[in-house]
Amino acid sequence: MTLLRDHDLAHAFDHASLSYDRLTALNPGYRGDLIRSADRLRLPDGGRGLRVLDLGCGTGASTRALLRAAPLARITAVDASAGMLERARTKRWPPNVRFLHRSAEALRTADRDAGPYDAVFAAYLFRNVTAPDPVLESVRALLRPGGRLVAHEYTLSGSPAHRALWNAVCRGVIIPAGTLTGDRALYRHLWRSVLDFDTAPAFAARIGRAGFPFVRTAPAAGWQTGLVHTFLARTEAA
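My aim in this report is to walk through the structure given alongside it, one point at a time.

Rules used throughout
Here the residue numbers are simple positions, counted from 1 along each chain's written sequence. At least 70 in pLDDT is required for a residue's local features to be given in this predicted model, at least 80 for side-chain atom pairs to be given and counted, and no such filter applies to totals for whole chains, interfaces and linings, which use all residues. Only heavy atoms go into the side-chain values, all of them from the structure, while hydrogens and water stay out. Only runs of H or I of at least four residues qualify as helices and only runs of E of at least two qualify as strands under DSSP, and these elements are numbered from the N terminus. The quantity called the radius of gyration is restricted to C-alpha atoms. Its globule counterpart is 2.2 Å times the number of residues to the power 0.38. Only protein chains enter the accessibility calculation, which uses a 1.4 Å probe; a residue is then buried when its area is under 20% of its type maximum, exposed when over 50%, and partly exposed in between. By the convention used here, residues are in contact when the closest approach between their heavy atoms is within 4.5 Å. Whether two strands pair depends on DSSP finding at least two bridges between them. Lines fitted to C-alpha atoms define the axes here, with helix axes fitted over just the stretch in contact, and angles between the N-to-C directions of these axes take values from 0 to 180 degrees. In a helix, the anticipated span is given by 1.5 Å times the number of residues less one. Residues are called lining when one of their atoms sits within 4 Å of a cavity or pocket point, these points coming from a 1 Å grid over the protein atoms alone, where a cavity is a set in which a 1.4 Å probe fits but cannot get out and a pocket is an open set with protein on both sides within 12 Å along at least five of seven lines. Grid points are joined across faces, edges and corners, and a volume is the space filled by probe spheres set on the points. Note on residue classes: Ala, Val, Leu, Ile, Met, Phe, Trp, Tyr, Cys and Pro are nonpolar, Asp, Glu, Lys and Arg are charged, and everything else, Gly too, is polar. In the sections that follow, a salt bridge refers to a side-chain nitrogen of Lys or Arg positioned within 4 Å of a carboxyl oxygen of Asp or Glu.

## Section: the overall build of the protein
Here comes step 1: Along the backbone of the protein there are nine helices and seven strands.
Here comes step 2: In terms of overall size, the protein behaves like a compact globule, its C-alpha atoms giving a radius of gyration of 17 Å where 238 residues would be expected to give roughly 18 Å.
Here comes step 3: Referenced to the eigenvectors of the C-alpha coordinate spread, the extents of the protein come out at roughly 50 × 40 × 30 Å.
Here comes step 4: Residues counted as buried form 54% of the 238 residues belonging to the protein.
Here comes step 5: By sequence separation, contacts in the protein at least 24 residues apart represent 71% of the contacts at least 6 residues apart.

## Remarks on the sheet that holds strand β3 (residues 97–101)
Here comes step 1: One open sheet accounts for seven strands, arranged β3-β2-β1-β4-β5-β7-β6; its pairing is mixed. Because the sheet does not close on itself, it has two edges, and the strands there are β3 and β6 (214–219). If you compare each strand with its neighbour and ignore which way they point, the axes differ by 15° on average.
Here comes step 2: Sheet topology note: the strand β1 (residues 51–55)/strand β4 (residues 117–123) ladder contains four bridges and is parallel. Each bridged residue has a counterpart across the sheet, and for Val52 the counterpart in β4 is Ala119.

## Some thoughts on helix α8 (residues 184–196)
Here comes step 1: For α8, which comprises 13 residues, the first-to-last C-alpha distance of 18 Å matches the rise-based estimate of 18 Å (1.5 Å per residue) to within 8%.
Here comes step 2: The set of residues buried in α8 consists of Leu186, Tyr187, His189, Leu190, Trp191, Ser193, Val194 and Leu195.
Here comes step 3: At its buried positions, α8 is contacted by α1 (6–24), β5 (143–154) and α7 (160–180).

## Some words on the layout of surface pockets
Here comes step 1: In this structure, the largest pocket occupies an estimated 1000 Å³ of space.
Here comes step 2: For the lining of the largest pocket, the leading source of residues is α1, giving nine residues.
Here comes step 3: A per-class count over the lining of the largest pocket returns 30 nonpolar, eleven polar and six charged.
Here comes step 4: Roughly 160 Å³ of internal volume is contained in the second largest pocket.
Here comes step 5: Around the second largest pocket, the lining residues are Arg40, Leu41, Arg42, Arg148, Leu149, Val150, Phe214, Val215, Arg216, Leu232, Ala233 and Arg234.
Here comes step 6: Put simply, the parts of the chain that give the lining of the second largest pocket at least two residues each are β5, β6 and β7 (228–234).
Here comes step 7: Its residues assigned to classes, the lining of the second largest pocket comprises seven nonpolar, no polar and five charged.

## Points about empty space enclosed by the protein
Here comes step 1: Counting across every chain of the model gives one cavity of 30 Å³ or more.
Here comes step 2: Together, Leu55, Ala104, Leu107, Val135, Ser138, Val139 and Leu142 line the largest cavity.
Here comes step 3: The element best represented in the lining of the largest cavity is helix α6 (residues 132–142), accounting for four residues.
Here comes step 4: Its residues assigned to classes, the lining of the largest cavity shows six nonpolar, one polar and no charged.

## With respect to the environment of Ala221
Here comes step 1: Mapped onto the secondary structure, Ala221 falls in the loop between β6 and β7.
Here comes step 2: Between the C-alpha atom of Ala221 and that of Gly32, which follows or precedes it by 189 residues, the distance is 9.4 Å.
Here comes step 3: Apart from the residues within four sequence positions on either side, Ala221 is in contact with Asp33 and Arg36.

## Considering the pattern of salt bridges
Here comes step 1: Following the criterion strictly, the structure yields eight salt bridges and no others.
Here comes step 2: Of the charged contacts in the structure, one is a salt bridge between Arg206 and Asp133, with a shortest N-O distance of 2.8 Å. Within this pair, whereas Arg206 is found in helix α9 (residues 200–209), its partner Asp133 is found in helix α6, the two being separated by 73 residues in sequence.
Here comes step 3: Among the residues examined, Asp133 registers a relative accessible area of 32% and is labelled partly exposed.
Here comes step 4: Among the ionic pairs, Arg192 bridges to Asp196, the shortest N-O distance being 2.9 Å. Of this pair, Arg192 and Asp196 both sit in helix α8, four residues apart, which is roughly one turn of the helix.
Here comes step 5: For Arg192, a relative accessible area of 22% gives the class partly exposed.

Okay, structure coming up:
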C-alpha cells in the first residue's frame, strides 16, 4: 500500500482525532513509555527557565508527559493536524503550555518565535514525515548548543521476531480497532509506516548524520520491547 503523506496524513489524523485517545488507551504501555522517554531529557530544576518543543504533539499525551518531567518549562506543542490540536486544547493546561498548528517541515519558517530551544521531544513523528533528514536538521538548528533531543518512535529492532510481532498486533488489534472507528486507512498507514521505516540502529545513525554527535538508544519496556525505542541525542556544546 502507498503511505499517507503531508495533507492526506494530516486529514486522516483530523478524522481520527475524536477516537484517538480511546484507542491509544488500549495500549497498556502507551502513556507510561511516553513519560519514561520525557524523563530521559533530564531537564534540571523542573525545567525552570527552559524552552521545550513538543514536536508532533497530537492530542497532548506527549505534552502531558513533558509537563510531568519539566513542570516549570515553557512548552510549545505543535502538530500538523488541526483536529488533533483541537482535542488537545480541550484539556486543561497551565499557562506555560501553548499549542500551535504547524507541520514539522515548516516550523522554522512559519513561526518567528521558533527557537532556540533547550530541548525537543518528538513522539511518533519521524516515520510519518516525507523526508526525515531535513526535519532532523531543522531540529538541530532550533536547539541551543548542548540542547537535547528525545525521539520516541516505533522502530523495529531488526529482529524477524519483532517484525512478526508487529504484524500480528496490527492485523489482530490495531487495524480492526481503527476499522470500527472509520479510520482503517490511517491505521493501515501506521502499520506500514513502521515496517518501511528505519530499524532502531539505522535511525540512530540517521540522527547522528543530521549533526548530533551524541546519540543513545533505549528500548521500551514490556510487550513493546523491540518495537518502540527512545533515542537520546545532544548537540555540540558551545
